[in-house]
Amino acid sequence: MISVAMATYNGEQFLNEQIDSILSQNVEQELELVVCDDKSTDGTLQILRERQKADPRIRVYKNKKRLGFYKNFMRAIGLCKGEWIALSDQDDIWQTNKLQTLLQSVGQKDFACSNALLVDKGNKSLGYTMKESCGGKWIPTKKEDLFKKIVFGNIVQGSTMLARADFLKSCQPVPEAIKYHDHWFALCSCAQNGFVYVDQCLIRYRQHDSNQTINKKKDSFVKQLATLHTLQSSQKVIFEQYDKKIAKCNAILDNMECAGWQKDYLTGAIRYLEESKHKSFYSFLFFAKNCRYFCLDKNIFRNALRIAKRFAAMVWWKGTKAS
């Protein structure tokens, strides 16, 4: 059986469309939809009750008190009966082949996930995907490279996941320093059997004002440099971000059964981040922020090109400001 765990809160506007896309999956296995509502104040619960009466595959639970986004999802996961669990937001639209494609792709891994097309509230394409929004031009296939890529930048979107139920339940609780549960699942997987990334847009990821996370295309490189330059007078803001990264590394070390090479990478990252806090702004700008942990990356040639590119862009940008 495949269970779909959905967390809802005041989602009446798009809920029916999402439920329709889940129930119309062309998956071969038996399907159930487990919904936990976090004390919605709109018509969400009424919609869910009506859908539950019409379809026995739907089970609806109302929380006695507000749990919040993460804990509500964890409760839904705990109530699932299937050996496979897919996570679902309340406002997306799934392609009819989503679950079957992920099931065929997962193999012996802990979970499979996919890319997503970003759409507006009217389901009109925004012209880019989640992978492009996150800057993920390439997705490593080796577990070691995958871990290094996702420690500081998650590429896994929970609403695209299909995971083994025992794996998801073994990953709880999520450390406070890890902001999103899907990021934690991805990290834990790198310490176990790894995961599969399917580079297909298997869901339409709706963007609107009520989203938990709204992803936008990254600014041009010149704009990023200009923004960083304005921070010269307030490096405290930058170093606060470093402190968050250090806390994240420590949380992984304390809560995950890391392999030796993973411990070496994380302790090296912590040491590098701590040392970077004592660098001058421009040293920080070229090596710490833009080069992305140069000392931890074995590909010296690629990083040398990256530094040269960023240095040339900075010179050009400062030249245009001067003129």
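All of these numbers come straight from a predicted model, not from anything done at the bench.

What counts, and where the lines are drawn
- Residues numbered from 1 in each chain as written.
- Predicted model: local features only at pLDDT ≥ 70, side-chain atom pairs only at ≥ 80, totals over all residues.
- Heavy atoms only, no water.
- Helix = DSSP H or I, 4+ residues; strand = E, 2+ residues; numbered from the N terminus.
- Contact = heavy atoms within 4.5 Å.
- Areas by Shrake-Rupley, 256 points an atom, 1.4 Å probe, with all protein chains shown as cover.
- Buried < 20%, exposed > 50% of the residue type's maximum accessible area, 1.4 Å probe, protein only.
- Arc of directions from axis to C-beta.
- Phe/Tyr/Trp six-rings, centres within 6.5 Å; stacked < 30°, edge-to-face > 60°.
- Lys NZ or Arg CZ within 6 Å of the ring centre and 35° of its normal.
- Core = buried A, V, L, I, M, F, W, Y, C linked by side-chain atoms within 4.5 Å.
- pLDDT = per-residue confidence, 0-100.
- Polar contact = N/O pair within 3.5 Å; in protein donor to acceptor, adjacent residues only side chain to side chain.

Caption draft 1: Seen up close, the overall build of the protein chain. When you go through the protein chain residue by residue, the secondary structure sums to 13 helices and 9 strands. Within the protein chain, counting contacts between residues at least 6 apart in sequence, those at least 24 apart form 77% of the total. As presented, the protein chain carries roughly 16100 Å² of accessible surface, and 50% of it is formed by carbon and sulfur atoms.

Caption draft 2: Focus on helix α8 (residues 181-190). Of all 10 residues in α8, 10 are buried; the element is thus mostly enclosed. Among the residues making up α8, those that are buried are His-181, Asp-182, His-183, Trp-184, Phe-185, Ala-186, Leu-187, Cys-188, Ser-189 and Cys-190.

Caption draft 3: Molecular detail of unusual backbone geometry. Note the cis peptide between Gln-172 and Pro-173, where omega equals -5°. Mapped onto the secondary structure, Pro-173 falls in the loop between α7 (165-170) and α8. Even without being glycine, Lys-39 reaches a positive phi, approximately 60°. Within the secondary structure, Lys-39 is located in the loop between β2 (31-37) and α2 (44-54). Take Lys-39: its relative accessible area is 33%, and that puts it in the partly exposed class. You will see that Asn-123, though not glycine, has its phi angle at about 70°, which is positive. For Asn-123, the location among the structural elements is in the loop between β6 (111-119) and β7 (125-129).

Caption draft 4: Fine view of helix α6 (residues 143-150). Leu-146, Phe-147 and Ile-150 are the residues of α6 that are buried. Considered in projection along α6, the buried side chains sweep an arc of 100° and stay on one side of the axis. Where the residues of α6 are buried, they touch α8, β9 (195-206) and α11 (260-276).

Caption draft 5: The packing of aromatic side chains, seen in detail. Per the counting criterion, the structure on display carries 5 aromatic pairs. Consider the rings of Phe-69 and Phe-73, whose centres lie 5.3 Å apart with planes at 90°: the pair is edge-to-face. Placement of the pair is Phe-69 and Phe-73 together in helix α3 (residues 69-79), with a separation of 4 residues, close to one helical turn. Exposure remark for Phe-69: the relative accessible area of 31% places this residue in the partly exposed category. Looking at Phe-73, the relative accessible area reads 2%, which means it is buried. Geometrically, the ring pair formed by Phe-111 and Phe-167 is tilted, given 6.0 Å between the ring centres and 35° between the ring planes. Remark: Phe-167 occurs in helix α7 and Phe-111 occurs in strand β6; sequence separation between them is 56 residues. Cluster of aromatic residues (ring-pair linked, three or more members): Phe-111, Phe-167 and Phe-195. If you follow Arg-66 out to its NZ or CZ, it ends over the ring of Tyr-9, 4.0 Å from the centre. Note that Lys-98 overlies the ring of Trp-94, its terminal NZ or CZ placed 3.2 Å from the centroid.

Caption draft 6: Spotlight on the nonpolar core. Counting 47 residues, the largest nonpolar core has Trp-184 and Phe-185 as the members making the most contacts within it. At 6 residues, α8 tops the list of elements feeding residues into this core. The residues contacting Phe-185, other than those within four sequence positions of it, are Met-74, Ile-77, Leu-87, Phe-111, Met-161, Phe-167, Leu-168 and Cys-171. Among the nonpolar cores identified, the runner-up in size contains 34 residues, and Val-27, Ala-86, Ala-112 and Ala-116 belong to it.

Caption draft 7: Highlighting the confidence of the model for the protein chain. Looking at the protein chain, pLDDT values average 83 and 76% of them are 70 or higher. Every residue in residues 212-219 is under pLDDT 50, and counting partners more than four places away or in other chains gives 21 contacts. A low-confidence stretch, residues 288-297 (pLDDT under 50), is modelled with 35 contacts involving residues beyond four sequence positions or located in other chains.

Caption draft 8: Representation of the side chain of Arg-206 in the model. Among the structural elements, Arg-206 can be located in strand β9. Accessibility expressed as a relative area gives 1% for Arg-206, which makes it buried. A distance of 2.7 Å separates the side chain of Arg-206 from the backbone oxygen of Asp-91, its partner in a polar contact. Here Lys-121 takes part through its backbone oxygen, which lies 2.9 Å from a polar atom of the side chain of Arg-206.

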